[in-house]
Amino acid sequence: MSIKKTLILFTASFPYDVAVESTFLEREIGYLSSNFDRLIIVPGRICGKRDIVPPSVEVEESFARCGSNLARNIKTLLLAISSKLFYEELLQRQAILFNIRALERLIIFTGLAEYTKKWVCDLIQRKKLGECIFYTYWLDQFSMGIGLAKKKYPHIKLVSRVHGGDLYEERHALSYLP
């Protein structure tokens, strides 16, 4: 009896075209779907035109459908200010307190990381996932949240792709990445 291999791919918006990831992911999806028994794509946003994916590929939209903008913003803020990560970052980089845009970036990052952690733990239970690989197309709050979920589910694997913009702080106006 072989173990079913499951890959959960987090994207900014793919298969929706708003983040323009299809240029890279269309080919990769074909390869991934032929090498895993189950491929689940989790877009961070669902807007724009939806690209066609192979019939065997599941698109899990519940992550992006987390309420109205106001509800999402309030939830993000509450998750951030209740997160240990938020305060650890403030202690390590106290200058953030004096830059409202950097503080806002930290709140959004930690809030979405905590939301991702909760959502991933729920997904693992809801879909009864055993061994699986989480693959994030960007090194961002999704990667952090899945990493946090590993504390509860150490059997899951995490692979993150890194691009210049999510690696080098100096490429951002604030020269800051949480």
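Residues numbered from 1 in each chain as written. Predicted model: local features only at pLDDT ≥ 70, side-chain atom pairs only at ≥ 80, totals over all residues. Heavy atoms only, no water.

A. Focus on helix H1 (residues 22–35). Relative to the 20 Å expected for 14 residues at 1.5 Å per residue, H1 spans 19 Å between its end C-alpha atoms, a close match to the ideal helical length. Residue Glu-28 marks the point of greatest curvature in H1, where the axis turns by about 30°. Looking only at H1, the buried set comprises Ser-22, Leu-25, Glu-28, Ile-29, Leu-32 and Ser-33. Among the structural elements, strand S1 (6–11), strand S2 (38–43), strand S3 (57–59) and strand S4 (132–136) are those in contact with the buried residues of H1. (Helix = DSSP H or I, 4+ residues; strand = E, 2+ residues; numbered from the N terminus. Expected span 1.5 Å × (residues − 1). Bend = angle between axes of the 7 residues up to and from the residue. Buried < 20%, exposed > 50% of the residue type's maximum accessible area, 1.4 Å probe, protein only. Contact = heavy atoms within 4.5 Å.)

B. Inspection of the nonpolar core at higher detail. Of all hydrophobic cores here, the largest spans 21 residues; its most connected members are Ile-8, Phe-10, Trp-119, Val-120, Phe-134 and Ile-156. Elements supplying a minimum of two residues to this core: S1, S2, helix H4 (100–126), S4 and helix H5 (141–149). Looking at which element gives the most residues to this core, the answer is H4, with six residues. One finds Ile-29, Val-53, Val-59 and Tyr-137 within the second-largest nonpolar core, a separate group that totals 14 residues. (Core = buried A, V, L, I, M, F, W, Y, C linked by side-chain atoms within 4.5 Å.)

C. View of the sheet that holds S4. Judged by pairing direction, the sheet is parallel, and its five strands sit side by side in the order S3-S2-S1-S4-S5 without closing on themselves. Either end of the sheet is taken by a strand with one partner, and the two such strands are S3 and strand S5 (157–160). Sheet twist, expressed as the average angle between the axes of neighbouring strands with direction ignored, equals 20°. Where S4 meets S5, four bridges bridge the pair, whose relative direction is parallel. When the sheet's bridge partners are listed, Tyr-135 is paired in S5 with Val-159. On top of the sheet, H4 reaches S1, S2 and S4; it is set at about 155° to S1, its chief contact. (Pairing = 2+ DSSP bridges. Axes fitted to C-alpha atoms, helices over the stretch in contact; angles between N-to-C directions.)

D. The pattern of salt bridges, seen in detail. Going through the model one piece at a time under the given rule, you end up with 13 salt bridges. A salt bridge links Glu-169 to Arg-93, with the nearest nitrogen and oxygen atoms 2.9 Å apart. With Glu-169 in the segment after S5 and Arg-93 in the loop between helix H3 (84–92) and H4, the pair connects residues that are 76 residues apart, well separated along the chain. With a relative accessible area of 22%, Glu-169 lands in the partly exposed category. As a salt-bridge pair, Arg-126 and Asp-122 come within 3.4 Å of each other at their nearest N and O atoms. Residue Arg-126 and its partner Asp-122 are located together in helix H4, separated by four residues, close to a single helical turn. Several salt bridges share partner residues, and in doing so they unite Arg-38, Glu-58, Glu-60, Asp-122, Arg-126 and Lys-127 into one network. (Salt bridge = Lys/Arg side-chain N within 4 Å of Asp/Glu carboxyl O.)

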